[in-house]
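Next come the chains, spelled out residue by residue.
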Amino acid sequence: MSDNINSRTARRKQEEAKQRKKPRKKAPKGWFKKIIMAVVILGLAVLVGGASLFAYYASTAPDLDEELLKDPLTSNFLTKDGDIFLKFGAEKRDYVPYDEIPEQMKNAILATEDIRFFKHHGLDFYRLGGAVLGNLRSGFGSQGASTLTQQVIKNSFLTDEKTLKRKAQEAWLAFKLEREYSKEEIFEMYFNKILMSGNRYGFGTGANYFYGKKLNELDLQETAMLAGLPQYPNGYNPFKHPERAEKRRNIVLTLMYRHEKITKEEMEAAKKIPVTATLLPEEERQANGKYPAYVDAVLDELEEAGLSDLLAEGITVQTSLDPKVQETVEAALDDPSYYESEKMQAGMTVLDTKTGAIVAVGGGREYAGRNLNFAEQKRQPGSVIKPILSYAPAIENFSWSTGQTVVDEPYKYKGTNKSINNADGRFLGSLTMREALYYSRNIPAVKTFEEVGAKNAKAFAETLGLPYDTINSSDALGGGGGFSTVQMAGAYAAFGNGGIYTKPHAVTKITLRDGKTEKNLRPDPVTAMKDSTAYMITDMLRDVLTSEGTAINAAISGMDIAGKTGTTNYSADTMKKHNMKNTDVPDTWFTGYTTEYTISTWGGYADYVTPITTYDKGRHVPQKLFKTVMSSIANNPDRFTQPNSVEEAKIVKGSNPLALASSFTPSNLVRTELFVRGTLPTIQEVPEQIELPSPTDLTAQFDADSNSIELQWNYDVPDEFEDLGDPEFNVSVSIDGGAAQSITTTADHQAVFQGAELGKTYTFSVTASMGGYTSGATSTQLLLEGADEPDVEEEPDEDPDNEFEDPNIDQGDSDNDGQPDQNNPGNPDQDNSNNQGNQGNQGNQDGQGNPNDQGNQGNQGNQGNQGNEGNQGNQGQGNQGQDSNPSISTPNSSQSNNN
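Residues numbered from 1 in each chain as written. Predicted model: local features only at pLDDT ≥ 70, side-chain atom pairs only at ≥ 80, totals over all residues. Heavy atoms only, no water.

S.K.: Got a minute to help me understand the overall build of the protein chain in this structure?
M.R.: Tallying secondary structure elements over the protein chain gives 23 helices and 28 strands in all. Burial statistics for the protein chain: of 899 residues in total, 56% are counted as buried. A separation of at least 24 residues holds for 70% of the contacts in the protein chain among residues at least 6 apart in sequence. Of the accessible surface of the protein chain, which amounts to about 38,900 Å², a share of 49% is contributed by carbon and sulfur atoms. (Helix = DSSP H or I, 4+ residues; strand = E, 2+ residues; numbered from the N terminus. Buried < 20%, exposed > 50% of the residue type's maximum accessible area, 1.4 Å probe, protein only. Contact = heavy atoms within 4.5 Å. Areas by Shrake-Rupley, 256 points an atom, 1.4 Å probe, with all protein chains shown as cover.)

S.K.: How should the environment of S440 be read in this particular structure?
M.R.: Assignment of secondary structure puts S440 in the loop between α16 (433–438) and α17 (442–452). Taking the C-alpha atoms as reference points, S440 and N422, separated by 18 residues in sequence, lie 9.0 Å from one another.

S.K.: Could you clarify how one ought to interpret the confidence of the model for the protein chain in this entry?
M.R.: Any region with low pLDDT has predicted coordinates that should not be read closely. Taken residue by residue, the protein chain gives an average pLDDT of 80. The fraction at 70 or more is 74%. Low pLDDT (under 50) marks residues 787–812, which in the prediction has 106 contacts with non-local residues, meaning those over four places away or in another chain. (pLDDT = per-residue confidence, 0-100.)

S.K.: I tried to follow the packing of helix α15 (residues 386–398) against helix α18 (residues 454–463) on my own but got confused; where do I start?
M.R.: Geometry of a packed helix pair, given as the angle between the helix axes and the separation of the axes. In contact at an axis separation of 9 Å, α15 and α18 are set at 100° when each is read in the N-to-C sense. One element, α15, and the other, α18, form an angle in the roughly perpendicular class. Between α15 and α18, the residues in contact are I388, L389, A392, P393, E396 and N397 and N456, A457, F460 and A461, respectively. For the contact of α15 with α18, a count of residues per class yields seven nonpolar, two polar and one charged. (Axes fitted to C-alpha atoms, helices over the stretch in contact; angles between N-to-C directions. Parallel < 35°, antiparallel > 145°, perpendicular 65-115°, else oblique. Nonpolar A, V, L, I, M, F, W, Y, C, P; charged D, E, K, R; others polar.)

S.K.: Explanation requested: α18 in the structure shown.
M.R.: Counting along an α-helix, one turn takes 3.6 residues, and residues three or four places apart therefore face a common direction. Every buried residue of α18 is listed here: A457, F460 and A461. Seen along its axis, α18 keeps its buried residues to an arc of 100°; they face one direction. Taken together, the buried residues of α18 touch α15, α17 and α19 (485–496). The first or second residue beyond α18 is G465, which carries a positive phi of 80°. (Arc of directions from axis to C-beta.)

S.K.: Would you take a moment to explain the nonpolar core for this structure?
M.R.: Nonpolar side chains in soluble globular proteins tend to end up buried together. Among the nonpolar cores identified, the biggest contains 90 residues, and V350, I388, L464, M488, F495 and L625 are the most heavily contacted of them. Dropping the residues within four chain positions of it, L464 is found in contact with I388, Q487, A491, A494, F495, Y501, A528 and M529. Core analysis: the next-biggest nonpolar cluster, separate from the first, contains 47 residues, Y98, L173, Y181 and A207 among them. (Core = buried A, V, L, I, M, F, W, Y, C linked by side-chain atoms within 4.5 Å.)

S.K.: Help me understand the pairing of strand β1 (residues 75–78) in this model?
M.R.: Looking along a regular strand, one sees side chains alternate from face to face of the sheet. The alternating pattern of β1 places S75 and F77 and N76 and L78 on opposite faces, both of which are buried. Looking at chain direction, β1 and strand β2 (residues 84–88) are connected through four bridges and run antiparallel. Bridge pairing in β2 links L78 to I84. Alignment of β1 against strand β5 (residues 316–319), held across three bridges, turns out to be parallel. The residue of β5 that forms the bridge with N76 is T316. (Pairing = 2+ DSSP bridges.)

S.K.: Explain the environment of F239 to me, please; I cannot follow it from the model alone.
M.R.: Relative to the elements of secondary structure, F239 occurs in the loop between α10 (220–228) and α11 (242–258). Excluding anything up to four places from it in sequence, F239 contacts Y209, F210, L279, L280, R285 and R370.

S.K.: Where do I start with helix α9 (residues 203–211) in this structure?
M.R.: The element α9 is extensively covered by neighbouring structure, given that eight of its nine residues are classed as buried. In this structure, the buried residues of α9 make contact with α4 (103–113), α8 (183–193), β3 (195–197), β4 (200–201) and α10. Taken from the residues just after α9, G212 is the one with a positive phi, measuring 65°.

S.K.: I tried to follow the sheet that holds strand β14 (residues 518–520) on my own but got confused; where do I start?
M.R.: The strands that make up a sheet are held in pairs by hydrogen bonds between backbone atoms, and each pair lies either parallel or antiparallel. Taking strand neighbours across the sheet as the criterion, the five strands line up as β2-β1-β5-β13-β14 in an open arrangement whose pairing is mixed. The open sheet has two free edges, formed respectively by β2 and β14, since each of these has just one partner strand. The sheet shows a mean angle of 20° between the axes of neighbouring strands, taken without regard to direction. Sheet analysis places strand β13 (residues 507–511) next to β14, joined by three bridges and oriented antiparallel. Residue pairing across strands places I510 opposite K519, the latter belonging to β14.

S.K.: Mind showing me how you'd approach the side chain of S655 here?
M.R.: In this fold, S655 is placed in the loop between β19 (646–652) and β20 (670–676). Judged by its relative accessible area of 10%, S655 falls in the buried class.

S.K.: What's the story with the packing of aromatic side chains in this structure? I'm lost.
M.R.: Two measures describe an aromatic ring pair: the distance that separates the ring centres and the angle between the ring planes. This structure, assessed with the given rule, holds 29 aromatic pairs. Seen in terms of ring centroids, Y438 and Y439 are 4.8 Å apart; in terms of plane orientation they differ by 80°. Their pairing is edge-to-face. Above the ring of F117, the side-chain terminus of K183 is found at 4.4 Å from the ring centroid. (Phe/Tyr/Trp six-rings, centres within 6.5 Å; stacked < 30°, edge-to-face > 60°. Lys NZ or Arg CZ within 6 Å of the ring centre and 35° of its normal.)

S.K.: What's the story with the packing of α11 against helix α12 (residues 264–271) in this structure? I'm lost.
M.R.: Contact pair α11 / α12: the axes reach a minimum separation of 9 Å and the direction vectors enclose 175°. When the interaxial angle is binned, α11 and α12 end up roughly antiparallel. Along the contact surface, α11 presents R249, N250, L253, T254 and Y257, while α12 presents K264, M267, A270 and K271. Split into classes, the residues belonging to the contact of α11 with α12 amount to four nonpolar, two polar and three charged.

S.K.: What's the story with the sheet that holds strand β16 (residues 562–567) in this structure? I'm lost.
M.R.: Strand order in the open sheet formed by five strands is β7-β6-β18-β17-β16, with antiparallel pairing between adjacent strands. Strands at the two margins of the open sheet, each flanked by one partner only, are β7 (358–362) and β16. Recorded for the sheet is a direction-independent mean angle of 5° between the axes of neighbouring strands. Here strand β6 (residues 345–352) runs beside β7; their pairing, made up of four bridges, is antiparallel. Counted as the bridge partner of T349 is V361 from β7.

S.K.: I'm lost on a nonpolar patch on the surface in this one. Help?
M.R.: A cluster of nonpolar residues, W31, F32, I35 and V39, forms a patch on the protein surface that exposes about 450 Å² of accessible area. Position of F32 among the secondary structure elements: in helix α2 (residues 31–59). (Patch = residues over 30% accessible without salt bridge, like charges linked within 9 Å, V, L, I, M, F, W, Y side chains within 5 Å. Salt bridge = Lys/Arg side-chain N within 4 Å of Asp/Glu carboxyl O.)

S.K.: What exactly am I supposed to notice about the pattern of salt bridges here?
M.R.: Considering all chains together, one arrives at 24 salt bridges under this definition. Of the charged contacts, one joins R379 and D587 as a salt bridge, the two residues approaching to 2.9 Å between their closest N and O atoms. In this pair, R379 sits in the loop between β7 and α15 while D587 sits in strand β17 (residues 587–593), placing the two residues 208 residues apart along the sequence. For the pair R379 and D587, one class covers both residues: buried.

S.K.: It is not clear to me how a negative patch on the surface should be interpreted in this structure. Could you clarify?
M.R.: Taken together, the side chains of D719, E720, E722 and D723 present a region of like negative charge at the surface. When you line up the elements, E720 lands in the loop between β22 (708–714) and β23 (728–735). On the basis of relative accessibility, which here comes to 56%, the residue E720 falls in the exposed class. (Lys, Arg positive; Asp, Glu negative; His and termini not counted. Charge placed at Lys NZ, Arg CZ, Asp CG, Glu CD.)

If you want it as C-alpha cells, here you go:
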C-alpha cells in the first residue's frame, strides 16, 4: 500500500517538473505603449490640424465694423425685371440705449435666448456640449448653441450657412467682440438690431409697432410676446398669426419662470390674457410700405425655406412681381363700387399659368399689411373644388368622356341615410358630365366622387398642392378643408398648363452679400395629370363662362377663358343662431385662367358669421374683379390647344354605356364631346328592320295654381325589344312655334313643365330610347289663353335651404352661384335674385314685340334671363344671364340681356 502511494507521488512530481520546464510565451515589449503613443500623435495631429484650420478661417474673417454691428444691413427686393421695389431694413428704428431697457425686458430676452450671457466670453461651452451631442445624433447643424454675442456677429458679418468655416469665424469674431466691447454694449447691439417682423428691427420699434407703447409701458405678457418674436419674426406676428404668437409667448413666460425671473402666479396670470387683447387697433397701425401683400408672400416663402435670418445680412431677393399687374389688382380691390358694404372684403392671387410664379397679390381692400391677408387666408372653396375632387380624377383614372352620362336624381351619401340636395331642390335626370359641371349640380359631383373613390380624389388634390388630412363625400361639394387663393390658383394653373403643376412662388432666387453666392428657390415643375385630363377639364370649364354656365359675369369677349365659381353655405344651426336668411352665404369664389395668367379671387367678410346677402354686389364680386383685372393685364393670350391625346366625337346624350350618335339619332339628343384617344365607343347604326314604337296617349294639363303643365303618356315595350333594357323618355317643348328644347330625360311616364305663361302656345314631344335606339316622337299642343297683365315688381326668390339634411355639418357649396331658379329649374341664372318663376315679366309676356324695351323696370322677375326667348329686348339688371333652363337642355341664347 505504501509502495503504491510513493509511486503515484513520484509520478506526479515528475509531471509537474516537466510542465515547469516548458517555455512560456512572452508579451511583446512596448505594445501598450505604442497604442497610447499612436492615440496621442493622432490627437495632436487633429488638434494641430484643427487649430491650423481654425486659424486659417479666423484669418479670413471680416474685421469688426461698429457701423455694421449697430445697424442692420439693407436687403433689396427686386421685381421680375430686376428693379428694386423695396429696401428691406432701411426704415427708421427706435434705437434704445442699454440703460433705458427695462429690467423685465432684459430678463425675458435672456431667459429665452441666452441665460448665461453675463457669464460666458462669447461662447457658451456648457450649451455647446449639449448641441454637439444633438448634432452627433441628428447631423451637423441640426442644433445650435448660439449666444447673443454670436447672433450679433452672424447678423452683422456672416451668412446663415451651416458650414465649419462660418462657425469658426463666428466663434473667433464673438471672442474678439467680447474683448473689445462690454456685455452691456453687446446686449444693446442685439436689442436694436434683431428683426422683429416685416421690415422692422429692434425691440423698441416692435413695442411701438405692436402696442403703440414705449418699452417701460409694456406689461409682462407684452414683454414676453416681443421676446419670442426673433425666432420666427413673421410667423409669430400677432396681427396675422395670433394663435401661433400666443403659444410662443407662453413658452417665453414658462422659461422666465423656470429661470426664476418671474413667479408662478405672474406666469399663470399673464398666460390667461389673450395675445390680441392689448394689440394696437387696426386703424392705428402703421402701413408696411409699397406692395405689402406681395411682401407678405415673399416673407412667408423665406420663412418656409428657413432663410428669414438672411434678411439682416444684406441679401438680394429676386421675385416674380410685375408692378403693373400688382397696381391693377390693388386698384380693383380698392374700388368700393364692387362691394355690397363697406366691410365686405376680397382677396386675389395672379399667377403665370406656365411657371406658377406669383405675379401679383391682393391682400384686401386698402390692404397695408396691418391685418389679415385675405389672399392667404384659408376658407372653404365651395364648388371650385368639384373639378379637382370629382371630374378630373374620373378622366385621369377611368378615361371618362366629357359626355359621360351622370344622373341627377334623389341620392344619399354612400353608406349613410343622409340625402343630398341641389340648390334648386330639383333633379334634372340624365346629364353629360359637361352639363353637370357647368350647371354645378351637387348630386352628380358626389356620385362621381364616390365612383372615383376617396383615395384617388385625395391623391389627385395633393398633386395640385391641396392637402387633405381626411376626405369624404361631402368634401366634393367644397365643405371640407380650407384653401387660399394662392393654393387654388396654383391648382387651376395646372389645368391650363397641360397638366404640369408648379408650386406657386414669389421668390425665384436670393443672392448673398458677396454678390456671387446664389440660392435657387424656384420649385421644380411636376406632372400632376395627363394632358388629356387637363384639356378636357379646361374645355368643360370654358362653358362655365358662357350663357350655359354660372360665370357669365367673368367672361371677356374674344378671350379663351376657363374657370369655376364657388359658393359655400352656413349650417342650419349657424343660420338659426344668427337669424340668417336662406340666401345668406359666407364665401364666394371664382378661379379662372388663360394660357397666360391664372387668377383666383375670394369674396366675403373677415368675420365668418357676417354673411353675403346680395348677388350683384355680393356673390358676383369675385367674377367682376376677375374680369376687370384680366381685361387689363392680358396680352392677347393664345387659345388652349387640344393635344393629340384627345379626340372629338358626337354622342347620344343619356346613353349608358355611352354610344356614338348615328344618322338615326334625333338632333336634340346629339352632343359633341371629347374622348381620351382610343376610347371611342362603337358607332351603333339602327338596322332598318328595327323601329321602336313611339309613346302613346300623351296629355298635357295646365295647373293654374303653380303655373305648371303636367304631362303623362303610355308606353308598352314589345317582346322583341326587352333585351334592350328599360326605356327612357326625352321630353321637349316648343313655345309659340320656336325651336324644340329638351325639358328632361326620365324613366317615368310623366313630367312637369314649370313656369308656364298665359297667352303662349306649347307643343310637347316625347320620344323613347332603348339600347341606343330612339323612337319617333309623339306630340300634343296646349294653348294657354289669357290677357297680359301689368308688370309687377317681385321680391327676390330665396334659395333653398341647406343642400344637406344634417344641420350640424358646415356645408360646402350651396350652388347658389348661378344655379337653377327654384320656380324655374331650367334657368341656372347667376343672380337668381328676382326670378320668381319668370312671373315678373307680366307686362311684357311675349317680349317679342318690344325689342327696344331697354329700361323695363317692371321686369324684376326675369332680370337678365338669357334663356327666355320671349325676353329678347329686356335688359334687366339683376339676373345676368346664365343659361337657359336646365329643365330645357338646349338653351336659348337671347343676347340682348347681358347686363
